[in-house]
Amino acid sequence: MNPPAPSGDARPPGRTHWRRSLAVAVPALLAAGGIGSAMATGALAVDLRIQDRPVDFTTSSLYGTQYGAAVVDQTVVRPDGSTGTERVLRMGFADGVINGLCLSQRQQIAGTTYTLLLTLGDDDPGSWEIRTKNTVLDLRSATGVLDMDGIVDLNTNGADVKTVKDATGAYVVNPLNSPQHRFGIQARYAKFDRIVGTAQDFQLPGLLTTPKLSLSVRPGTVACPAPAAPTGTPGTP
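Rules behind the numbers
- Residues numbered from 1 in each chain as written.
- Predicted model: local features only at pLDDT ≥ 70, side-chain atom pairs only at ≥ 80, totals over all residues.
- Heavy atoms only, no water.
- Helix = DSSP H or I, 4+ residues; strand = E, 2+ residues; numbered from the N terminus.
- Buried < 20%, exposed > 50% of the residue type's maximum accessible area, 1.4 Å probe, protein only.
- Polar contact = N/O pair within 3.5 Å; in protein donor to acceptor, adjacent residues only side chain to side chain.
- Contact = heavy atoms within 4.5 Å.
- Disulfide = S-S within 2.5 Å.
- Core = buried A, V, L, I, M, F, W, Y, C linked by side-chain atoms within 4.5 Å.
- Salt bridge = Lys/Arg side-chain N within 4 Å of Asp/Glu carboxyl O.

Enquirer: Requested: an account of unusual backbone geometry, with residues and values cited.
Expert: Keep in mind that most residues, glycine aside, have a negative phi and that most peptide bonds are trans. For Ala 110, which is not glycine, the phi dihedral falls at a positive 50 degrees. Mapped onto the elements of the fold, Ala 110 is located in the loop between strand S5 (101-109) and strand S6 (112-120). Of the residues examined, Ala 110 reaches a relative accessible area of 80% and is grouped as exposed.

This is the structure:
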């Protein structure tokens, strides 16, 4: 994976080798999960945010430009209603493509456990059909293969990470809101394959387009299927 680096960067290049639906429950689950969607011609344009509780997810591959990651303290609400903080790894992409995505989140309805299962994309492990902007994930845990390329910076000061652009195209100062003297990393390009993880916070606020979206509610605890290995190479975000 060696896409050409954009022009105008004077720094020398570097490289480092890293789903029985319960229809009545759907509105409540959507509200609890914080998911909003709108139809667009030919595709689904989605503003996706899941912030109230952890969500399990899998994807065959996530590839993006201007990747950044830093350790941050995420505010959480405990079962007793009190608040606290949890240390997570916050990852961000300015522009990205995703090769299929499944989100699984458990909810309690009248004392019974149900799982909200949301899948996006097609079944082609080589299409990278989902497009995103300003993607942010707060990871509790994740496994996969991360491959970074272009200019790669590994540092111990998370506040230096720049990965999100504003309306003018300029980078937002410290977009990951990471404190000083924390682990941080950024790269011109990053490809994260066969991800199985749990996110404390999942945000695709700027833009997400996908050719297909499937939403179901299942009784009990249901996990996303294991991600298939990607084939081919992703297109440029």
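Enquirer: Go over the side chain of Thr 115, please, and point to the residues and values.
Expert: Here Thr 115 lies in strand S6. Only 2.6 Å separates the side chain of Thr 115 from the backbone oxygen of Gly 220, close enough to count as a polar contact. Other than its neighbours up to four places away in sequence, Thr 115 contacts Ser 104, Gln 105, Arg 106, Ser 216, Val 217, Arg 218, Gly 220, Thr 221 and Val 222.

Enquirer: Break down the state of the cysteines for me, citing the residues and quoting the values.
Expert: A full pass over the atoms with the stated rule returns 1 disulfide. Here Cys 102 pairs with Cys 224 through a disulfide, and the sulfurs are 2.1 Å apart. Disulfide Cys 102-Cys 224: torsion about the S-S bond near -85 degrees, hence left-handed. Pair noted here: Cys 102 is in strand S5 and Cys 224 is in the segment after strand S10 (213-219), with a separation of 122 residues, a long-range link. A relative accessible area of 5% means that Cys 102 is categorised as buried. Residue class for Cys 224 comes out buried when judged on its relative accessible area of 14%.

Enquirer: An account of the nonpolar core is needed here, citing residue identities and associated values.
Expert: Counting residues in each nonpolar core, the largest one holds 27 residues, and the members touching the most others are Phe 57, Tyr 67, Met 91, Leu 101, Leu 103, Met 148 and Phe 202. Counting residues per element, the ones that place at least two in this core are strand S3 (55-77), strand S4 (83-98), S5, S6, strand S7 (130-155) and strand S8 (184-204). Top contributing element to this core by residue count: S8, with 8 residues.

Enquirer: Outline the pattern of salt bridges, supporting the account with residue identities and numerical values.
Expert: Tallied over the full model, the rule gives 7 salt bridges. The partner of Asp 73 in a salt bridge is Arg 182, with the nearest N and O atoms 3.0 Å apart. Taken together, the residues Asp 73 in strand S3 and Arg 182 in the loop between S7 and S8 connect sequence positions 109 residues apart. On the accessibility criterion, Asp 73 (37% relative accessible area) is partly exposed. By sharing partners, the salt bridges in this structure join Asp 73, Arg 87 and Arg 182 into a single network.

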